[in-house]
Amino acid sequence: AAQHYHGRSHYRRMANLSLKGSLPTVFTSPRAMISHSYACARIPGKADAKFMRQCSSLPTNATARIASKLGRPVTDLQTEARLDFLRAKALDVSDMRVIASLVASNTVVEHLDLTGNGFGADAIASLIEILRSCPSLQSLVVGNNNLRGGVSELAAAAAEHQGLLSLSLQANAIAGS
């Protein structure tokens with residue numbers, strides 16, 4: 001069985017274990033920083049292969065930055081039904097693009113709370129992507145994000161969503177036209 005190592009050379013050591021060859025390259029490179037606990041706790045399988053394909057298309061520093069801001073593995077974005085751990089994490093527009101890409105593969109997400117990040121109207125496209133790719137989503141909370149004029153596009157996408165029961169836009173500077 002693989003041992004749990006701590007420190008800088010953790011992933012290099014993992015590559016030298018008896019499982020060498022069965023671990024994907026991503027665990028022996030800086031990309032492994034995406035999720036320390038993910039690398040330590042899982043043996044790659046079919047679900048892991050899908051995650052690895054998605055992560056390989058994302059910049060390593062972007063996913064590592066998000067994992068650092070969240071204080072948890074980015075894989076949680078793809079597996080958790082309640083994504084309320086995204087509140088007030090200082091997420092910006094580029095973070096939202098990566099998050100939308102990861103959440104898009106989450107088939108069980110029901111609640112997404114992005115309150116208090118202040119990412120602005122430029123993140124509307126990412127929010128719309130999440131709405132379009134997550135039919136199980138029932139509640140989207142995007143309060144206090146300075147969404148301004150982009151709210152009309154978001155509202156239109158929310159109206160098209162079959163399962164959405166709640167869209168919270170409180171404390172946004174919404175401009176009318």
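Structural data are supplied above this passage.
Residues numbered from 1 in each chain as written. Predicted model: local features only at pLDDT ≥ 70, side-chain atom pairs only at ≥ 80, totals over all residues. Heavy atoms only, no water.

Asks: Help me out: how do you make sense of the overall build of the protein in this one?
Replies: Looking only at helices and strands, one finds 8 helices and 4 strands in the protein. For the protein, the sequential pattern of α-helices and β-strands runs α-α-α-α-α-β-α-β-α-β-α-β. A buried classification covers 45% of the 177 residues belonging to the protein. Taking all contacts inside the protein whose residues are at least 6 apart in sequence as the whole, residues at least 24 apart take part in 72%. Counting every atom, the protein has about 9100 Å² of accessible surface; 51% of that belongs to carbon and sulfur. (Helix = DSSP H or I, 4+ residues; strand = E, 2+ residues; numbered from the N terminus. Buried < 20%, exposed > 50% of the residue type's maximum accessible area, 1.4 Å probe, protein only. Contact = heavy atoms within 4.5 Å. Areas by Shrake-Rupley, 256 points an atom, 1.4 Å probe, with all protein chains shown as cover.)

Asks: Before we go on, may I ask you to explain the pattern of salt bridges in this structure?
Replies: Proximity of charged atoms lets side chains of opposite charge pair with each other. For the structure on display, the rule yields 5 salt bridges. With a shortest N-O distance of 2.8 Å, Arg72 and Asp76 are connected by a salt bridge. According to the relative accessible area criterion, Arg72 is partly exposed, its value standing at 29%. Residues joined by salt bridges that share partners form a network here, namely Arg65, Lys69 and Asp95. (Salt bridge = Lys/Arg side-chain N within 4 Å of Asp/Glu carboxyl O.)

Asks: Got a minute to help me understand the packing of aromatic side chains in this structure?
Replies: In this structure the tally under the stated criterion is 0 aromatic pairs. Lying across the ring of Phe85, Arg72 places its NZ or CZ 3.8 Å from the centre. (Phe/Tyr/Trp six-rings, centres within 6.5 Å; stacked < 30°, edge-to-face > 60°. Lys NZ or Arg CZ within 6 Å of the ring centre and 35° of its normal.)

Asks: Can you walk me through helix 4 (residues 60-70) in this structure?
Replies: A turn of α-helix holds 3.6 residues, and therefore any two residues three or four places apart point the same way. Of the positions making up helix 4, those classed as buried are Ala62, Thr63, Ile66, Ala67 and Leu70. Taken end-on, helix 4 shows its buried residues confined to a sector of 135°, consistent with a single buried face. Exposed positions of helix 4 whose direction lies more than 90 degrees from the buried face are Asn61 and Ser68. Elements that come into contact with the buried residues of helix 4 comprise helix 5 (76-79) and helix 6 (93-103). (Arc of directions from axis to C-beta.)

Asks: Sorry, what's going on with the packing of helix 7 (residues 124-133) against helix 8 (residues 151-160) here?
Replies: When two helices pack together, their arrangement is given by the angle between the helix axes and by the axis-to-axis distance. Across the interface, helix 7 lies against helix 8 with an axial gap of 10 Å and an inter-helix angle of 0°. As far as their axial angle goes, helix 8 and helix 7 are roughly parallel. Between helix 7 and helix 8, the residues in contact are Ile124, Leu127, Ile128, Leu131 and Arg132 and Val151, Glu153, Leu154, Ala157, Ala158 and Glu160, respectively. Its residues placed into classes, the contact of helix 7 with helix 8 shows 8 nonpolar, no polar and 3 charged. (Axes fitted to C-alpha atoms, helices over the stretch in contact; angles between N-to-C directions. Parallel < 35°, antiparallel > 145°, perpendicular 65-115°, else oblique. Nonpolar A, V, L, I, M, F, W, Y, C, P; charged D, E, K, R; others polar.)

Asks: Explain the nonpolar core to me, please; I cannot follow it from the model alone.
Replies: Nonpolar side chains tend toward joint burial in soluble globular proteins. Membership of the largest hydrophobic core comes to 36 residues, with the highest contact counts inside it found for Leu77, Leu86, Leu114, Leu127, Leu137 and Leu154. Every element with two or more residues in this core is listed here: helix 4, helix 6, helix 7 and helix 8. The greatest single-element share of this core, amounting to 6 residues, is contributed by helix 6. Filtering out sequence-adjacent residues up to four positions away, Leu114 remains in contact with Leu86, Leu91, Met96, Phe119, Leu127, Val141, Val142, Gly143 and Asn145. (Core = buried A, V, L, I, M, F, W, Y, C linked by side-chain atoms within 4.5 Å.)

Asks: Even after reading the chapter, I still don't get the sheet that holds strand 1 (residues 82-83), so can you show me in this structure?
Replies: The pairing of strands in a sheet happens through backbone hydrogen bonds and is either parallel or antiparallel. Strand order in the open sheet formed by 4 strands is 1-2-3-4, with parallel pairing between adjacent strands. Edge positions in the sheet fall to strand 1 and strand 4 (166-168), since each has one partner strand and no second. Where strand 3 (residues 139-141) meets strand 4, 3 bridges bridge the pair, whose relative direction is parallel. If you follow Ser139 over to strand 4, its bridge partner there is Ser166. (Pairing = 2+ DSSP bridges.)

Asks: What is the right way to look at helix 8 in this model?
Replies: Listed as buried for helix 8 are Val151, Leu154, Ala157 and Ala158. When helix 8 is viewed along its axis, its buried side chains cluster within an angular range of 125° and face the same direction. Of the residues in helix 8, the exposed ones pointing more than 90 degrees away from the buried face are Ser152, Ala159 and Glu160. Elements that come into contact with the buried residues of helix 8 comprise helix 7, strand 3 and strand 4.

Asks: What exactly am I supposed to notice about the environment of Leu131 here?
Replies: Note that Leu131 resides in helix 7. Leu131 gets classed as buried once you look at its relative accessible area, which sits at 3%. The spacing of Leu131 and Ala100 is 31 residues in sequence and 9.3 Å in space, taken between C-alpha atoms. For Leu131, the contacting residues outside a window of four places in its chain are Leu137, Leu140, Leu154, Ala157, Ala158, His161 and Leu164.

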